[in-house]
Amino acid sequence: MEKTLRLKAKELLESGEVKVVIGYGWNRSKTRTTPVFITDPADVDTLVWNPLCVNNLSLYLTRKYKEIKALGRPAIVAKGCDIRNIVVLITEGQFKREDVFIIGMTCNGTVYKQDLWKGELTPNIMPTKCHNCDVRNPHVTDFVVGEKSTFTPPEVPTGMVYDKVKDLDSKSQSERWAFWVKEFSRCVKCYACRQVCPLCYCERCITEKNMPQWIETSAHPRGNLSWNLTRAMHLVGRCTFCGECERSCPVNIPLNLINQKMIGVVKEAFDFKSGYDEKTHPPMIVFSPDDKENFIK
Amino acid sequence: MADKILKKADLGKLIESVTGKGGRFVAPTTDSRQIVFKKVKSAEEIATDYILARNSFKEFLFPQTEVVAEFTLGKDTVDMRGVEVHAPQTVIFGARPCEAASLKGMHALFTWDFIDEFYTKREDNTVVVTVGCTKADDACFCTTVNLSPASTEGADVYLREAGESYTVEAITDKGKKFVEAHAAVFGSGSVKADPLVMPEKIANIDLAKVSERLKDKTHYDDKVWPKLTRKCIGCGACTFVCPTCRCFDIVDEGTAFEGERRKNWDSCQYDTFTLHASGHNPREHQHQRWRNRFMCKFNFFPEKFSGKGCVGCGRCVRVCPVRLDITEVMEEFSK
Amino acid sequence: MSGHTEHSAPTGGYEPKIMAFVCNWCTYAGADLAGTSRMEYRPNVRIIKLPCTGRIDPLFIIKAFENGADGVLVSGCHPGDCHYTTGNYHARRRWIGFKHLMEFAGIDMRRLHFSWVSASEAIKWVDLINKVTDEIKALGPFMEYKGLKATEAEQG
């Protein structure tokens, strides 16, 4: 697969169809992958593809990365799950479909965190998203690399995240409160969750607004709760469960639980799953007069 | 003093001895699938098999958020009150030699043009007990910045693993007093220390060359910066886990009538760090912010405070979501 | 019998603070009608008027709790009646998300209420406020949220 990928990247760069290829490369010791930006066709051999390619590179397509934008039209190496984010970005008018060349990678799953890699991809080191993946064959692409995957996801989504969400739902309100206050109390407000999220593309985040200070910058339990609730709220109907926020969290806050819970709510209430169709608007920017709820008195 | 030993089985007694006198005992412990420096109450909580804790112990000297003053606003008055520094007697146990080496620079900064009592009072009451490393991973690079698991810089007491015991070496006066104060817990005897594990020195890095090249500020607009650090996403994770990063921000929190002034960790990786009120930002691009961090580690800080800007603990490398490795940049600047 | 006809003065002791975020055109007018009709109701509610429920950012609600509210009420025009045609439809979507988020985070949902009150529904408004106030009064102060500060002190 790497060979096809490199050849395609070379062809794209040489023909001038794209000016930069955003993909994965090795770090110095070849133990971890890291994002690379190839602008010279001679460098395409830097590109690699393996289960360590966890990063969601669609992040670099957002308007926060002006310098990357300045390089010219990009091609991006993307897994199906990453493409879902590109789709959301298109539906939200961040760029047009033709502004990016998508090199879709068929995928058999990635590791949850690169540190877990022992040379072999086993189910127990794969994140929940991979076990339930319905886009192993990338769905919106300009070019596909790799053999068609025959994997069919289970009818009912399964995995640790779903189990934990269910478990939390079955608990009492005060138990849930205690759980989240404890989890959020570790938050250091580094905002890695925000920075790594391809959908947190605001150039000025609400946390940085200080007249008034909507979200307290202090990493005390109150400021942390308000930040984490707001982050989750701003992703309702948009989050694709790519899991980058949880992976990047230096203090292991289970952000996937809250994201997956809200994905479930959106599915239930609006029958919507984000990131599949670049022509459908995300649910929170549209409405239906027939929306159902049972709590507005 | 070198013949002092501490039996691992006696760690509980040491904790009791410290907490019995009203002190807090901080050690690496397991929390949410990570090794973390936290206050511990018993020896069972202390992790033994670890390379480094996720966090640096700096947060016990320089907390992530703390109240430095309180205020009440009247119709035409502002009543500002200082608060007492919360500085309990503290023992940091199980720190690594690399992170302890950060303390000299920390002290220099917090006593520079203003004595920051919130730091110094805590520092006075803190004893740092380091344990030489018997494990390392590929992110460790202390040997590259001229430190090693045998360094005692910044430590008050230096321990080494020796089977079921530790060898004990009191380094500073504070350390000697600590060992004396808890003399009942420390035994004597001669045990053979386990070998230390030295991370391999990264061959292509020449620290002297790095600092030499950084002195010539013509590199400021060099294309090498965007090239090397384009992938940086601008989160502050590296700065928050770094034992030598110490930038903070002062914020007021409260209502229209009363509130508190807080000192919060800040990060040079945020664009708001240097954003002027006029709207101008001298470090507009992420690579410039990254350059600043690198310069701070290997140029500004060592020059100004003769402290170590980088101690090679490798936390920033481990925590980086895009695996931007500071040693790869050091390598580039060694050329 | 509806609550507005009962004269129940505060009984002394704890009085909850309740924030109400309401829209200008329906609920605020409804509350105004209650006032001009001299209906009495519990005085615990502090009303903040906004142009439309579509303007009510979930952050307002979080901020209200942060600043010591024991309960929050959000109210606007009935679906189909929005002065700006669609503002409350957008709000409804947002509330569906937000309500579930708050529930999942473990906020006691007896402290967060949503309703539609039109300009003519003064009686509904009065009954609503009385009911919400009594319910929150029975719950007592929102110590979980207020206690978040104490949690910090404990950690240090």
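Residues take numbers from 1 onward in each chain, read along the sequence in its written order. Chain letters start at A and ligand numbers start at 1, both assigned in the order the entries are written. Reporting in this predicted model follows two pLDDT cut-offs: at least 70 for local features of residues, and 80 or more for side-chain atom pairs to be given and counted; totals over whole chains, interfaces and linings ignore these cut-offs and use all residues.

## Overview of the overall build of chain C
Scanning chain C for helices and strands turns up 6 helices and 4 strands. Helix and strand definitions here come from DSSP, where helices need a minimum of 4 consecutive H or I residues and strands a minimum of 2 consecutive E residues; each element is numbered from the N-terminal end. Across chain C, helices and strands are ordered from the amino to the carboxyl terminus as β-α-β-α-β-α-β-α-α-α. Exposure in this text rests on C-beta crowding, where 20 or more other C-beta atoms within 10 Å of a residue's own make it buried, 12 or fewer make it exposed, and counts in between make it partly exposed. The C-beta atoms are placed from the backbone. Looking at chain C as a whole, 51% of its 156 residues are labelled buried. A separation threshold of at least 6 residues defines the contact pool for chain C, and within that pool the share at least 24 residues apart is 85%. Contact criterion: two residues are in contact if their C-beta atoms, reconstructed from the backbone, are within 7 Å.

## Regarding the sheet that holds strand E6 (residues 90-95) of chain B
Residue and element names in this part refer to chain B. Here 8 strands make up an open sheet; going across it, the order is E3-E2-E6-E7-E8-E9-E1-E10 and the pairing mixed. At either margin of the open sheet sits one strand with a lone partner, and together these are strand E3 (34-39) and strand E10 (187-188). Where strand E2 (residues 24-31) and E3 come together, 6 bridges link them in antiparallel fashion. Paired with Asp31 across the strands is Gln34, a residue of E3. Those strands touched by helix H5 (residues 173-181) are strand E1 (4-7), strand E7 (126-131), strand E8 (157-162) and strand E9 (165-170), and its axis lies near 130° from that of E9. DSSP bridges decide pairing: two strands pair if at least two such bridges lie between them. To get an axis, a line is fitted to the C-alpha atoms, and for a helix only the part in contact is used. The angle between two axes follows their N-to-C directions and goes from 0 to 180 degrees.

## Remarks on the interface of chain A and chain B
Facing 29 residues of chain A, the contacting portion of chain B comprises 29 residues. Contributions of two or more residues to the side of chain A that touches chain B are made by strand E2 (33-38), helix H2 (66-71), helix H7 (192-195) and helix H9 (244-248) of chain A. With 3 residues, E2(A) is the largest single contributor of residues to the side of chain A that touches chain B. In this classification, the charged set is Asp, Glu, Lys and Arg, the nonpolar set is Ala, Val, Leu, Ile, Met, Phe, Trp, Tyr, Cys and Pro, and all remaining amino acids, among them Gly, are polar. The residue inventory of the side of chain A that touches chain B, partitioned by class, reads 11 nonpolar, 11 polar and 7 charged.

## Things to note about the interface of chain A and chain C
Taken residue by residue, the interface counts 35 residues in chain A and 33 residues in chain C. For the side of chain A that touches chain C, the elements supplying multiple residues, two or more each, are helix H6 (173-185), helix H8 (221-234) and helix H10 (255-270) of chain A.

## Here's the deal with helix H1 (residues 2-15) of chain A
Counting along an α-helix, one turn takes 3.6 residues, and residues three or four places apart therefore face a common direction. Residue and element names in this part refer to chain A. What a helix is expected to span follows from its residue count: subtract one and scale by 1.5 Å. Taking 1.5 Å per residue as the helical rise, H1 with its 14 residues ought to reach 20 Å, and the 20 Å between its terminal C-alpha atoms agrees with that figure. Packing partners of the buried residues in H1 comprise strand E1 (20-26), E2, strand E3 (74-79), strand E4 (101-105) and strand E5 (143-145). Where H1 terminates, the next one or two residues include Gly16, which has phi positive at roughly 80°.

## A few points about the environment of B:Val329
All names here are of chain B. In this fold, Val329 is placed in helix H11 (residues 326-332). What makes Val329 buried here is the crowd of 22 C-beta atoms within 10 Å. For Val329 and Arg291, which are 38 residues apart along the polypeptide, the C-alpha to C-alpha distance reads 9.9 Å. Sequence-distant contacts of Val329, defined by excluding residues within four places in its chain, comprise Leu228 and Phe294.

## Concerning the pairing of strand E12 (residues 258-265) of chain B
All names here are of chain B. In terms of strand pairing, strand E4 (residues 65-73) meets E12 through 7 bridges, oriented antiparallel. The partner of Thr65 across the bridge, within E12, is Asn264. Turn length for the strand E11 (residues 248-254)-E12 hairpin, with the two strands adjacent in sequence and antiparallel, is 3 residues.

## Regarding the sheet that holds E3(A)
Residues and elements named next belong to chain A. Read from one edge to the other, the open sheet built from 5 strands follows the order E2-E1-E3-E4-E5, with strand pairing classed as mixed. The two strands at the open ends of the sheet, each matched to only one other strand, are E2 and E5. Pairs of neighbouring strands in the sheet enclose a mean axial angle of 30°, with direction left out of account. In this sheet, E5 lies alongside E4 in parallel orientation, the contact comprising 3 bridges. Within E5, the position partnered with Ile103 by the bridge is Phe143. In the packing of H1 onto the sheet, the strands contacted are E1, E2, E3, E4 and E5, and the crossing angle to E5 comes to about 150°. In this fold helix H3 (residues 80-91) packs onto E3 and E4, with an angle of close to 130° to the strand it touches most, E3.

## Some details on the nonpolar core
The biggest cluster of nonpolar side chains holds 212 residues, and the ones touching the most others in it are A:Ile76, A:Met262 and B:Val157. Here the limits of each domain have been adopted from an automatic or database domain assignment. Split by domain, this core shows at least three residues from each of two domains, domain 1 (2-145) and domain 2 (160-285) of chain A. With residues up to four places along the chain from it excluded, the contact list for A:Met262 reads A:Ala232, A:Leu235, A:Val236, A:Cys239, C:Gly97 and C:Leu101. Structurally, a nonpolar core is described as a collection of buried Ala, Val, Leu, Ile, Met, Phe, Trp, Tyr and Cys residues joined by way of C-beta atoms within 7 Å.

## Quick look at the packing of helix H6 (residues 207-215) of chain B against helix H9 (residues 286-305) of chain B
Helix packing for two helices is described by the angle between their axes and how far apart those axes are. All names here are of chain B. Two numbers describe how H6 lies on H9: the axes approach to 10 Å, and their chain directions differ by 70°. Judged by the angle between their axes, H6 and H9 are roughly perpendicular. Contacts between H6 and H9 involve Val210, Ser211, Leu214 and Lys215 from the former and Met295, Phe298, Asn299 and Pro302 from the latter. A per-class count over the contact of H6 with H9 returns 5 nonpolar, 2 polar and 1 charged. Working rule for angles: under 35 degrees goes down as roughly parallel, over 145 as roughly antiparallel, 65 to 115 as roughly perpendicular, anything else as oblique.

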